[in-house]
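# Examining the three-dimensional arrangement
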Amino acid sequence: MIAKIPNQVVFVVDDDASMRDAISRLLNAVGLTVQTFASARAFLNRRLPDVPGCVVLDVRLPGLSGLDLQREMVERGIHIPVVFITGHGDIPMSVQAMKAGAVEFLTKPFRDQDLLDAVRSGIQLDRKAREERAELAELRDCVRQLTQREQEVMSLVVSGLLNKQIALQLGTSEKTIKIHRGQVMRKMRANSLADLVRMSQKLGLALISRKPCKD
Amino acid sequence: MDQIDDKSLELERLPHSKSKLDQKASKRAPDELEQQVNERTTQLSAINTQLINEIAERERAEIELTLVKDELAADLKTMLRLHELSTRLLKSTELQPLLEEILDATIELLNADFGNVQLCNPQSKALEIVAQRGFKPGFLDHFADASQESRLCDRAMSQRARVIIDDVETDPDFAPHRQIATSVGFRAVQATPLFSRNGEPLGILATHFHQPHHSSEHDLRFLDLYAHLAAEFIERKRAEERLRRNEIYLEEGQRLSHTASWAWNVSTGEVYWSTEMFRIFDLDPDIVKPGYPDVLQYVHGDDRVRVKKTFEDAVREKKEYELAYRIVWSNGTIRYIHNLAHPVFDGNGTLIEYVGTTIDTTERIQAEEAALKAHQQIDMILESISDNFFGLDKEGRFTYFNPHAANQMRALGRDPDALIGRVAWEEFPDMPNKENVLRALSERVVVVDELYYAPLEEWVENHMYPSNDGGLVTFQRYITERKRTEEELRKTQDELAHVTRVTTLGELTASIAHEVNQPLGAIVTNGQACLRLLSSSDLDIKEVREAVECMIADGIRASEVIKRIRRLLKKSKGGKSSYSINDNIREVLALTASELTRNRINVRTELADDLPCVIADRVQIQQVVLNLVLNSKEAMSAACWQPCELLISTEHAESAILVTITDTGVGIAPENRERIFAPFFTSKEEGLGLGLSISRTIIESHGGRLWSKPTQNGQGTTFKFTLPLGEDR
C-alpha cells in the first residue's frame, strides 16, 4: 500500500534537534522525503521544491513561533498544509492553529500513525489544491480569451437568463447574443450549460473581482 | 703719701735759715768789744742757736701736729663716711648704689686707681662683678669668662683672708697671671673677702693700682671697716630679700592651697588672720576685724554649737584640736573648712594663744563626693550589668570579677577571690579562645569572639577591650538563647526559601513539562521509527542503531531535567561547597530555556572563563539566579513591543564574583527600586512577593550584596549581585 512517491516532500521545522531527527527518521522509514529546519526563519529563507508537500511544525520555536510562521506563510501565498506538533498544546492554541487551516494538531509524544496519517492527508490536500489551482489557472486562461461583451454574456447566461432577455438587457439582438454565447462555449471549452455554470462557480469571486480590470 | 713727702722736704730746708743768722752777727765785732761782742755773740749765738733749735723744734712739733691733725681729719672724714654709709644702710633699699659708694670710698681710702665688688652667686657659688670703677669693658668680658683675675679673688675666698699683691712683677705667687695684669693695666692689687656674721662667704672687695703699691696698716684697718660695712649691707639686703620672698611665698602658698594661718589670743579674744583667712571667709580685711566669739557668726548654724564647744573644751584642757565645719558667706554660699590648732604657752605654762591653720576643703570635699559618686556608679554599673565582666592585667592575670563573673567562677567550682592574680589560661587550660585573648593583649585591638564553652554548656560572646593599664577588660555574654533563635531563624528562612523555590518551580511547570516532554517525544518517535525499520523488508541496521542511540541520549536528557528539578526542590541543609558560579547560571538557563523561548526572549551570556570558585549553598544561589531570570522574563513579556534580550554576565571583581543580569523589560519605577526587595512587594498578579526579598536574604547571608539599577542605554532593569570568594581559592 505504501509506495514510493517521488515527487513529494515533508518539511520538518523543530528547534529540538533530536525531535527533528526522530521525526525525519520516522518519515524516511515510510519512504517520505524530508527536509528539516531548526527555525521558522530558516524555513522561510529556503527556496522550496515545487512538489506536493506538508509542513510538520513545532508550535514553540525560538524567534518566530510556529503559529507566526503559519500566518507568515498565508501572507506570502505559501499554500503548504501544516501539521502542528507541540510539547503541550492548550486548547486556545490548537483552535487558533486549526482556524488558520492546520491539517492536524498533535501533542508530543504522538502515535506514529497519527503523524503519518496527518502528513499523508496534508500531502493529499496539497496535491488536490495544486490540481485545483492548476484547473482554475486553466479556466482563467480561457476567461482571459473572452471579449468584454462575451464575459458579460457569460455572466448573464450562467445567472439563468434566456437569450432574448440578455439581448434586451444588453440592448442588442437575440441573434447577436446567440453568436456570443457560441463563442463563450467554445472558448471556455464547455460541453453544456451546466458545465459552464460549474466553471463560473469555480471562477466565482475571481471573475467578479476581475470584472473592472481588462487585461 | 705725697703730703708726707712734702713735709719731710720742708724739714730738710731748716739748716739753711740758721746759717743766714750766723753771717749777720759776725759783721759787728772789732776787738774786745769785739770779744765781748763775740762772747755776747757767742752767748747770743748759743741762745740764738738754742732759740733757733727751739723754734725748729717747735716748728717741727707744729708740723707734726699739723700732720697728726691732717691724719685725724682724714680719719674723721673716713669715719664720717662710714657713719653716713651705715646710716644710709638702714634706710636704703637698693644694694647696687651702696656697693658702688663703698667701692668709691675704698678706692679713695687706698688711693687706688680702680676696683670692683664681686658677689658670690648663692646658686652657682661663682663670683660675679656687681659694681666696678675704672675697668675697661674688655676686662669685664674677660672676667665673665672665668678670668684669671678671679682666681686671685677665689684664693682670697678660699683662704678666707685678704690677698695683697704689692707688685705683680715681683710677686712670685702672681707669676701665672702677670700677662692679665699687664693687659688690664695694674701692677698692684688687693682683694678683701666679705663674710657674713656666721662666716658665710659673700664676695670680694678688690682694688687695683697702676703702680706698685703698699698699703699701710692704718689703711687696711679702715679697709676692713668698709669691708665689714659692705658685708653687712649685703647680708642685710639678702635677708630682706629672703624675708620678702618668703612672705610672698607664704601668701601665694596660702592662696594656692587655700590654707590660711591665724592666731587667737585666748585671754583677750584678739584674733590675727592671714590674708588667705579673709579670702576663705570672703571678708574684706579693711572692714572686718576678726575676734572671738564674733567669728562664730560665720559658722553654719548647724555646726555652731559643736564648734563653740570644741573651742572651749580645747581652751579648758589646753589641748590641740582639729575641727571640720561649715561656714556661710554673706551671699549664702556654704564652704567646708578644716581647722588645725595648737596651744602656745609662756614660760610659766600659762596658755597664751592658739595658732593654727584653716584650710578651705570645699573643692576637695566636692571632688571627693563626685569621685565617690562616680566610683559608686561604676561599681553599680559593673554589678548591675547582666554580662560577666572580667579584668585581666597585661600578663593575663585576673584582676577583677563582677558579681556575675564571680558566680560563673563559682559555678565552675572555683573561688573567684583565689583566682585574682592568677594567669587566666593557666587556671583554665581548656580555655577555647586563648589565642584571641593573647591577640587582644599583644596587638592592643578589640577582639570579639563567639564560642561554645562545654563546661558551662553555654554559647558565649566575648568582647575584649585593651585597657589603659596594658591589660584587657572582657565582657562576656551568654548567647545560647540567641544562638538558638538564630538557628531557628535560619531554619525558618531556609523553609521559606524552599517554599518560594517550590512556588517558583510551579510557575515553571509548563516549561519544565516541555523540557521533559521534548526528549520523551523524541524517544517515542525514534522507537516507532525503529519498529517500522525493523519490520521493513530491507533492514537498515545502521539506521536502527542510530535511532536507539538517540533514544538513550534523550532518556538521559530527560532524567537530567528531572534531576535539576529535584535539586532545586531539595531542602537546603545550609551546606556550602566550592563551585563555579557559571554552573549555576547554565543550569538555570537549561531549566528556563523553553520558558524564555516561549516568551521570545533572546538569551545572551558573557560568562568569564577561569573564574575563581565561590563557596556557597549551590541550591540557594541557583534559586537567586532563577528568581532574577524569571523576574526579567516577566518584565520583558510585559514590554512586548521591545526587542527582548536577557544578558547574563559574570566577572571577577576584586575579592568577589559579580553577576549581572540585564533585561530590556518594563523597568522599575524609581520609587520602587528599594521596595522591590521588601517582602510581599509584588507587581505580578500571582506573585507571592517573596522572591527578591528571599534572594537578598540569601545573598547577604553569603556575605554578598544584591541590588538593582536601570539598564544602561535603554529600557529595563539590571540586577547585580556579588558573592565573596572562598578564602582557600
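Keep in mind the model is a prediction, meaning the values are calculated, not measured.

### So, the overall build of chain A
Within chain A, the regular secondary structure consists of nine helices and five strands. Seen in sequence order, chain A has helices and strands lined up from the N terminus as β-α-β-α-β-α-β-α-β-α-α-α-α-α. Taken across its 215 residues, chain A has 36% of its residues classed as buried. Sequence separation of at least 24 residues holds for 60% of the intrachain contacts in chain A that already meet a minimum separation of 6.

### Regarding the interface of chain B and chain A
Counting from both sides, the interface comprises 26 residues of chain B and, opposite them, 18 residues of chain A. Here the residues of the side of chain B that touches chain A sort into 11 nonpolar, 10 polar and five charged.

### Here we look at the packing of helix α6 (residues 148-158) of chain A against helix α7 (residues 163-170) of chain A
All names here are of chain A. In the contact formed by α6 and α7, the axes pass within 10 Å of each other and the chain directions differ by 135°. Taken as axis vectors, α6 and α7 run oblique relative to one another. Where α6 crosses over α7, the two elements pack in a sense that is right-handed. The segment α6 lies against α7, with Glu152, Val153, Leu156 and Val157 engaging Ile166, Gln169 and Leu170.

### As for the environment of Asn517(B)
Residue and element names in this part refer to chain B. Tracing the backbone shows Asn517 in helix α17 (residues 509-535). Assessed through the 21 C-beta atoms surrounding it within 10 Å, Asn517 is described here as buried. Measuring from C-alpha to C-alpha, the distance between Asn517 and Ala558 comes to 7.8 Å, with 41 residues separating the pair along the chain.

### Concerning the sheet that holds strand β12 (residues 398-401) of chain B
Residues and elements named next belong to chain B. The strand order across the open sheet formed by five strands is β12-β11-β15-β14-β13, and the pairing between neighbours is antiparallel. On the outer flanks of this sheet lie β12 and β13 (447-453), each paired with one strand and no other. Recorded for the sheet is a direction-independent mean angle of 25° between the axes of neighbouring strands. Across seven bridges, the pairing between strand β14 (residues 458-466) and strand β15 (residues 472-478) is antiparallel. Bridge pairing in β15 links Glu461 to Arg477. Across the sheet, helix α12 (residues 403-411) touches β11 (388-392) and β12, and the angle it forms with β11 is around 90°.

### Digging into unusual backbone geometry
In this chain, Lys108(A) is followed by Pro109(A) through a cis amide linkage whose omega measures -10°. Locating Pro109(A) in the fold gives a position in the loop between β5 (104-107) and α5 (112-145). Even without a glycine there, the phi angle at Arg189(A) is positive, about 50°. Considering the arrangement of structural elements, one finds Arg189(A) in the loop between α8 (174-187) and α9 (193-210). Phi at Lys318(B) takes a positive value of approximately 50°, unusual for a residue other than glycine. On the secondary structure map, Lys318(B) appears in the loop between α10 (301-317) and β8 (321-328). Since 13 C-beta atoms lie within 10 Å of it, Lys318(B) is described here as partly exposed.

### Examining the nonpolar core
Side chains of nonpolar character tend, in soluble globular proteins, to be buried together. Of all hydrophobic cores here, the largest spans 46 residues; its most connected members are Val10(A), Val13(A), Val55(A), Val56(A), Val83(A), Phe84(A) and Val119(A). Looking at which element gives the most residues to this core, the answer is helix α1 (residues 17-29) of chain A, with six residues. Among residues more than four places away in sequence, those in contact with Val119(A) are Val10(A), Leu27(A), Leu32(A), Cys54(A), Val56(A) and Val83(A). Counting 45 residues, the second largest nonpolar core, distinct from the first, contains Phe114(B), Ala156(B), Phe222(B) and Ile234(B).

### A word on helix α4 (residues 95-110) of chain B
Residue and element names in this part refer to chain B. Look at α4: 22 Å from first C-alpha to last across 16 residues, which is about the 22 Å you get at 1.5 Å a residue. Buried within α4 we find Leu95, Leu98, Leu99, Ile102, Leu103, Ala105, Thr106, Leu109 and Leu110. The buried side chains of α4 occupy one side of the element, clustering within an arc of 165° when seen end-on. Seen from the open side of α4, the exposed residues pointing more than 90 degrees away from its buried face are Gln96 and Pro97. Looking one or two residues past α4, Asn111 carries a phi angle of roughly 60°, positive in sign.

### Considerations on the confidence of the model for chain A
All names here are of chain A. The predicted model of chain A has a mean per-residue pLDDT of 85, with 91% of residues at 70 or higher. Element-level pLDDT for chain A is lowest in α9, with a mean of 71, against a maximum mean of 95 in strand β1 (residues 9-13). Long-range and interchain partners of residues 1-5, a stretch whose pLDDT sits below 50, account for three contacts in this model, where long-range means more than four residues apart. Within the model, pLDDT remains below 50 along residues 205-215, and this stretch shows five contacts once partners closer than five positions in the same chain are excluded.

What counts, and at which threshold
- Residues numbered from 1 in each chain as written.
- Chains lettered and ligands numbered in written order.
- Predicted model: local features only at pLDDT ≥ 70, side-chain atom pairs only at ≥ 80, totals over all residues.
- Helix = DSSP H or I, 4+ residues; strand = E, 2+ residues; numbered from the N terminus.
- Buried ≥ 20, exposed ≤ 12 C-beta atoms within 10 Å, placed from the backbone.
- Contact = placed C-beta atoms within 7 Å.
- Nonpolar A, V, L, I, M, F, W, Y, C, P; charged D, E, K, R; others polar.
- Axes fitted to C-alpha atoms, helices over the stretch in contact; angles between N-to-C directions.
- Parallel < 35°, antiparallel > 145°, perpendicular 65-115°, else oblique.
- Left-handed = near helix turned anticlockwise from the far one by under 90°.
- Pairing = 2+ DSSP bridges.
- Core = buried A, V, L, I, M, F, W, Y, C linked by C-beta atoms within 7 Å.
- Expected span 1.5 Å × (residues − 1).
- Arc of directions from axis to C-beta.
- pLDDT = per-residue confidence, 0-100.

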